[in-house]
Amino acid sequence: MRNRQLSHPPVSPGVFEPRIVAFFCNWCTYLAADLAGTSRMKYAPNVRVIRLMCSGRVDPQFVLDAFAQGADGVLIGGCHPGDCHYQEGNYKTLRRYHLLKRVLREMGIEEERFRLEWISAAEGDRVRTVINDMVEKVRALGPLQLNGMTEHVPEEVVV
Amino acid sequence: MPEARPPTNGSNSGSVRIGVYVCHCGTNIAGTVDVKAVSDYAAGLPGVVVSRDYKYMCSDPGQALIQQDIRELGLNRIVVASCSPLLHEPTFRRALDRAGLNPFLLQMVNIREHVSWVHLDKQAATAKTNDMVRAAVRRVSLHKPLQKRRVPINPNVLVVGGGIAGIHAALTLADAGKHVYLVEREPTIGGHMAKFDKTFPTLDCAACILTPKMTAVGSNPNITLWTYSDAAKVEGYVGNYHVTVRRKPRYIIEDLCLGCQECITACVYKEGKTRDEFNLGLSKRKPVYLPFPQAVPQKVVIDPETCIEFKSGKCKKTCIEACGDRQAIDFKQKETLEDIEVGTIILATGFKTFDAARNAYYGYGRYPNVYTSLEVERLINAAGPTGGELVLRDGNRPKAVGIIHCVGSRDANTNRWCSKVCCMYSLKLAHLIKERTGAEVFNFYIDMRTPGKGYEEFYDRLLDEGVHFVRGRVAEVTDWAAHPSEKGKLIIRAEDTLAAFVRRIPVDMVVLSVGLEPQADAQAVRRMFNISCSNEGWFLERHPKLAPVSTFTEGVYIAGACQGPKDIPDTVAQAGAAAAEAVALIDAQFVELEPYTAFISEEECSGCKSCIPLCPYQAISFVEDKKKATINEVLCKGCGTCVAGCPSGSIQQNFFEDDEIFEEIEGVLAYA
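Residues numbered from 1 in each chain as written. Chains lettered and ligands numbered in written order. Predicted model: local features only at pLDDT ≥ 70, side-chain atom pairs only at ≥ 80, totals over all residues. Heavy atoms only, no water.

Draft legend 1. Region of interest: the overall build of chain A. Helix and strand content of chain A: five helices and four strands. Ordering the α and β elements of chain A from the N terminus gives β-α-β-α-β-α-β-α-α. Per-residue burial over chain A gives 60% buried out of 159 residues. Contacts spanning at least 24 positions in sequence make up 80% of the contacts within chain A whose residues lie at least 6 apart. Carbon and sulfur atoms form 53% of the exposed surface of chain A, whose accessible area is close to 6,600 Å². (Helix = DSSP H or I, 4+ residues; strand = E, 2+ residues; numbered from the N terminus. Buried < 20%, exposed > 50% of the residue type's maximum accessible area, 1.4 Å probe, protein only. Contact = heavy atoms within 4.5 Å. Areas by Shrake-Rupley, 256 points an atom, 1.4 Å probe, with all protein chains shown as cover.)

This is the structure we're talking about:
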């Protein structure tokens, strides 16, 4: 479906700063991140949040695209089981997450790089903990090495 | 494959003309993010015609700036980098609308809550902001004009909970001519307030101010009052909720019962033998009873757990005899379900008091003369179990009473929050106890918290009345006498932090000022109504300052202590506010729904039906003759779960189209 140039990270001599793309649902985790903000909690600046109405909107292709475009980690945040604003979207997310994890493992992408967390609107502190924890783990892994997997087959990866 | 769309980079950007506006938010953003650098950076992005930074984008001049640029520079896409879209997206959408641009051609970038307030390093925060602005610029190029959906609103309102909050909200709505369904799970309305004797700080009698309102609820033609009932199921959306109310059998036909209570007198039990819930077990009731004399509705209840007829079927049924021609008693009554249609819902489900037995050091449940504050409210209430005589369980008047504040409040072992009302009601009880019994009264407090109109003055008055105050958290209540004079007394041990020594104060009665907690079933209730709770379990408001009675579910409002501990004046104020919000919605006659619905491209749909079971709202159906799926826009709530699940990519979601999200992903990751 997507056929576009991959962006290659510049070779920087400095410290490795992981780049993490997060998909947060509008009703729980995005609000929790807002709450972390209004509570002035401090956490690592490595995550870029993309707002979706529901974690159920996270198409596995979004995750693959993020990795292909140079993300070192992908985080999905949704409402706790039973708390989904749309009744059961997060259950669908969970299902897709488990399947996608297996695909990523086959591709050689370490487990710690792809994470699903249930964070309610009241859990600003959890946003901080999860982000800090994930940044540290991904930092320890180093930059994502796709070993040339995507270089000649962007069509296959993303079609 | 969906149709190729025009690329957004550089030369081919065609008619897209983007304006980027970076807000300083005073120093809230500008203190951590180099807004000037962000604005300069954005100016160089493809499609950007103008990029500006301004002190307060949301202010009138800030909005005027955008509008002027739209008109003068022919902008057709706007990016605002400021606070959370949940706060000001509506503001800026309106600004676009007023300038003649479709409001959905806006993308907001949350650089306050998600950047400046959570990061310290200015360079990293600025880099993150650049990434986010770049993503928004790429995304907004693809935005399409959208229209909000308008749906009619049902003017009926459901109020859940018949305490003072629910009562006040129901009456306000009824006065505005709206029909209200007031649902209360107890057999009577009145809630906690009906149990109180006096209210602080004015000491007006709770019953005198509450019961007229209760009666008004019972007789108002605009209010359908269902007591002994609860909500069983909630479906639908703002303006059009479909609610099923479960009505428990009270074994009395409400329309036929006159409230004469002759059945109670005639019951084969000569004396009550069952714990009286309304008096918190301080008295006994019969199997057939009226919760309290001023109960609304004035209809008795039969408790099947204790009624002989239910237990053995061999009762003489003197109650039926006494009821006579009225024939209001029906032992065969079954639970019924009522289906109602309402447009808005007000939750006023209140609180429960802290279980004092959880704090073992204070001896509640072990020493008979340790009471909770709510029990003492009943004891000093003229309509209570002792007719307003404050006596101990042995019938004697206490000569010394200790009131322990903050039981189940401000305590890392139980509840960390301040319950807000305890200082004031403890002072009230201290005053009433002293007035009724002449006893020495000792208050043990951590901090005296009396903000409120006339509250501090009431505290001053108590100091003058000779009530004793000891500043310190009580260590324990014990009956172990260290001295013969302490024999038969309860001894309160506490460090007097002002005098700097540990005191032992012998008293006859201990009153535990229990804190407020969320209702035990608060989680189940909030799930049913699709709203959120704070970590503590209080219902979460949409915004703590600007939308204190709204929730994240449109058309569902909260009032009173279900949202957090509060006293009667605050509760009534919230109830009125919630009613006004509901009326504002109803009187607009329609509601506007976000257009984030999903739609299917018929050419692409392969007819695989994988999307159909993904939708919890049954919005997707299969058109047999075309062999294609179709989405009912009215039923679709816009979660996008089917969009992500469609194998052929033929479902799209307005404002969250695949390409828009891909653009955002690649935007945040693209190196500058």
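The discussion continues.
Draft legend 2. Representation of the packing of aromatic side chains in the model. Residue and element names in this part refer to chain B. Following the criterion strictly, the structure yields 15 aromatic pairs over all chains and no others. Taking the centre distance of 5.4 Å and the plane angle of 85° together, the rings of F200 and Y455 count as edge-to-face. Placement of the pair is F200 in the loop between β8 (198–199) and β9 (204–205) and Y455 in helix α13 (residues 455–464), with a sequence separation of 255 residues. Judged on exposure class, the residue F200 and its partner Y455 are both buried. On the basis of an interplanar angle of 75° and a centroid distance of 6.2 Å, the ring pair of Y445 and F469 is categorised as edge-to-face. With Y445 in strand β22 (residues 440–445) and F469 in strand β23 (residues 468–471), this pair connects stretches of sequence that are 24 residues apart. Residue Y445 is classed as buried on the basis of its relative accessible area of 9%. For F469, a relative accessible area of 18% gives the class buried. (Phe/Tyr/Trp six-rings, centres within 6.5 Å; stacked < 30°, edge-to-face > 60°.)

Draft legend 3. Up close: helix α2 (residues 60–68) of chain A. All names here are of chain A. Of all the nine residues making up α2, seven are buried; the element is thus mostly covered by neighbouring parts of the structure. Taken together, the buried positions of α2 are occupied by F62, V63, L64, D65, A66, F67 and A68. Positive backbone phi, approximately 110°, marks G70, located one or two places after α2.

Draft legend 4. Quick look at the confidence of the model for chain B. All names here are of chain B. Mean pLDDT for chain B: 95, with 98% of residues reaching 70 or above. For residues 1–13, every residue scores under 50 in pLDDT, and the model assigns this stretch 21 contacts once sequence neighbours within four places are set aside. Across the assembled chains, the prediction reports ipTM 0.91 with pTM 0.87. (pLDDT = per-residue confidence, 0-100.)

Draft legend 5. A look at the sheet that holds strand β17 (residues 336–342) of chain B. Residues and elements named next belong to chain B. With respect to topology, three strands assemble into an open sheet ordered β11-β12-β17, the strand pairing being antiparallel. Of all strands in the sheet, those bounded by a partner on one side alone are β11 (229–237) and β17. On average, each strand axis in the sheet is tilted by 20° relative to the strand beside it, whichever way the strands run. Note that strand β12 (residues 240–247) and β17 share seven bridges and pair antiparallel. (Pairing = 2+ DSSP bridges. Axes fitted to C-alpha atoms, helices over the stretch in contact; angles between N-to-C directions.)

Draft legend 6. Spotlight on helix α3 (residues 89–106) of chain A. With 18 residues, α3 of chain A should cover 26 Å at 1.5 Å per step; its first-to-last C-alpha distance of 26 Å lies within 8% of that length. Those residues of α3 of chain A lying buried are G89, N90, K92, T93, R96, Y97, L100, K101 and L104 of chain A. Elements that come into contact with the buried residues of α3 of chain A comprise α2, β3 (73–78) and β4 (114–118) of chain A together with α16 (641–645) of chain B. (Expected span 1.5 Å × (residues − 1).)

Draft legend 7. Representation of the nonpolar core within the structure. All names here are of chain B. Membership of the largest hydrophobic core comes to 86 residues, with the highest contact counts inside it found for L158, V243 and I345. Take this core: its biggest share by element is eight residues, from helix α6 (residues 164–175). Not counting chain neighbours up to four residues away, the residues in contact with I345 comprise L158, V234, Y241, V243, F529, G555, V556 and Y557. (Core = buried A, V, L, I, M, F, W, Y, C linked by side-chain atoms within 4.5 Å.)

Draft legend 8. Structural context of a negative patch on the surface. All names here are of chain B. A surface patch of like charges, here negative, comprises E456, E457, D460 and D464. Note that D464 resides in helix α13. According to the relative accessible area criterion, D464 is exposed, its value standing at 71%. (Patch = residues over 30% accessible without salt bridge, like charges linked within 9 Å, V, L, I, M, F, W, Y side chains within 5 Å. Salt bridge = Lys/Arg side-chain N within 4 Å of Asp/Glu carboxyl O. Lys, Arg positive; Asp, Glu negative; His and termini not counted. Charge placed at Lys NZ, Arg CZ, Asp CG, Glu CD.)

Draft legend 9. Inspection of the interface of chain B and chain A at higher detail. With 59 residues of chain B at the contact, the number on the chain A side is 60 residues. Summed over both partners, the interface of chain B with chain A comes to about 5,100 Å²; 59% of that surface belongs to carbon and sulfur atoms. Run the count over chain B and chain A and you get five salt bridges. Here chain B and chain A share 20 residue pairs in polar contact (both at pLDDT 80 or more) between them. If you list the elements that add at least two residues to the side of chain B that touches chain A, you get α3 (85–98), α4 (112–116), α5 (122–140), α14 (522–528), α16, β34 (651–653) and α17 (658–669) of chain B. Element by element, the count of residues in the side of chain B that touches chain A is highest for α17 of chain B, at ten residues. Of the residues that constitute the side of chain B that touches chain A, the class distribution is 28 nonpolar, 16 polar and 15 charged. (Buried area = accessible area lost by both parts, 1.4 Å probe. Polar contact = N/O pair within 3.5 Å; in protein donor to acceptor, adjacent residues only side chain to side chain. Nonpolar A, V, L, I, M, F, W, Y, C, P; charged D, E, K, R; others polar.)

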